[in-house]
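# Structure assessment
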Amino acid sequence: MILLRHGAAPLADATSPAARGASAFPGLTMSVGAGRMRGMSSVTAADYGWIRSSSSLFRYALEVGYTLTLVRGVSPAELLEVAGAEPRATCAGTDELIARHTEILFGYEDWPESFLAGTFTVPGEGGTWTLALEFGGDLGTRPSIMEALSTGTRAVSHSSNGGKPMDFFHWYEDGELRTTFEWPADRTGSTPDALNAVMSELGLNPTDDEDPEVDRKAAVFALTERLTGVRVTESLLREAAYQTGEVPEEPAVTPGSVRA
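Residues numbered from 1 in each chain as written. Predicted model: local features only at pLDDT ≥ 70, side-chain atom pairs only at ≥ 80, totals over all residues. Heavy atoms only, no water.

## Some remarks on the overall build of the chain
The condition is simple: Segments assigned H or I by DSSP are reported as helices when at least four residues long, segments assigned E as strands when at least two residues long, and all are numbered from the N terminus. Residue exposure (1.4 Å probe, protein chains only): buried if accessible area is under 20% of the type maximum, exposed if over 50%, otherwise partly exposed. In what follows, residue pairs with any heavy atoms lying within 4.5 Å of each other are defined as contacts. Only the protein chains shown count as cover for residues, and the accessible areas themselves come from Shrake-Rupley with a 1.4 Å probe.
Of regular secondary structure, the chain possesses eight helices and eleven strands. Looking at the chain as a whole, 48% of its 260 residues qualify as buried. A separation of at least 24 residues holds for 67% of the contacts in the chain among residues at least 6 apart in sequence. Per element, the accessible surface of the chain, about 11,600 Å² overall, is 52% carbon and sulfur.

As structure tokens, then:
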């Protein structure tokens, strides 16, 4: 059974010749035999150089840790519901989102028991996507949440824990973790080599040492855009109206809870 999300194109039947020979998603072509995926976008790591600017809002995210998640065809309210979030007020831009995050963080005497996730919709490949941004949260790295969110669609996330960072990338398709990595040459998932061609184009060497001239975080942003068609810019994040929710450390997720 195929579940259709808001603005999402249906998945192709996995047994059909079209599904075996090409990607079911517009904007990407898949060579199944070679295990390669090629993005049609021409975005590169250089397009995300803004994340390293001394005045960039994303410097805060890199310092304290963040997770950025994109899910096609799922509304902000649905995403927060699947994450088990308690609805909170809308935040006007990242300054207010950071302020609310800080209030929650320092509201606990010991280790925080929850974190604030901010969400909004954005156009992308194949329909409307919801972008979720958290500082110090891990919504986009929890398998139970990502499997539920990606059922019948696609979800992509990347993250950093701040400090001495551990940086992760996750690509889910129809409830399945397809490719994930911390280091490009050390990938896992059901199709760990499916993104090798596009990763190579972006300077994320899938077979050997990394190119010191390539900003790996910027390249991961570009890889995410190749998979989603969503260009993340500083102005997009700064000016968004974030529908927020407070996500507990261990949310209860009911499989198949998202419906069109």
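## Brief notes about the packing of aromatic side chains
Basically, it comes down to this: Each pair of aromatic rings taken from Phe, Tyr and Trp, with Trp reduced to its six-membered ring, is defined by centres within 6.5 Å and is described as stacked if the planes are under 30 degrees apart, edge-to-face if over 60, and tilted in the remaining cases.
What the rule picks out here adds up to nine aromatic pairs. Consider the rings of W50 and F221, whose centres lie 6.2 Å apart with planes at 65 degrees: the pair is edge-to-face. Here W50, found in the loop between β2 (36–39) and α2 (58–64), pairs with F221, found in helix α7 (residues 216–228); they are 171 residues apart in sequence, far enough to count as distant. F221 sits in the buried class, given a relative accessible area of 2%. Ring plane angle 25 degrees and centroid distance 5.1 Å describe the contact between F169 and F181, whose orientation is recorded as stacked. In this pair, F169 is assigned in strand β8 (residues 167–173) and F181 in strand β9 (residues 176–181), connecting sequence segments twelve residues apart. Taking relative accessible area as the criterion, F181 reaches 3% and is therefore assigned buried. Here the aromatic cluster, defined as three or more aromatic residues joined through ring pairs, consists of Y48, W50, F58, Y66 and F221.

## Topic: the side chain of N196
Structurally, N196 can be placed in helix α6 (residues 196–201). Residue N196 is classed as buried on the basis of its relative accessible area of 16%.

## Section: the nonpolar core
Under the convention used in this document: Among the buried residues, those of types Ala, Val, Leu, Ile, Met, Phe, Trp, Tyr and Cys that are joined through side-chain atoms within 4.5 Å form a nonpolar core.
Counting residues in each nonpolar core, the largest one holds 45 residues, and the members touching the most others are F58, F169, L223, V232 and L237. Mapped onto this core, the elements with two or more residues apiece are α2, β3 (66–72), α4 (93–105), β5 (114–124), β6 (127–135), β8, α6 and α7. Ranked by the residues each element gives to this core, the list is headed by α7, at seven residues. Once you skip the residues sitting within four places of it in the chain, L223 turns out to touch F169, F181, L195, V198, M199, L202 and L204. One finds L139, I145, M146 and V247 within the second-largest nonpolar core, a separate group that totals 18 residues.

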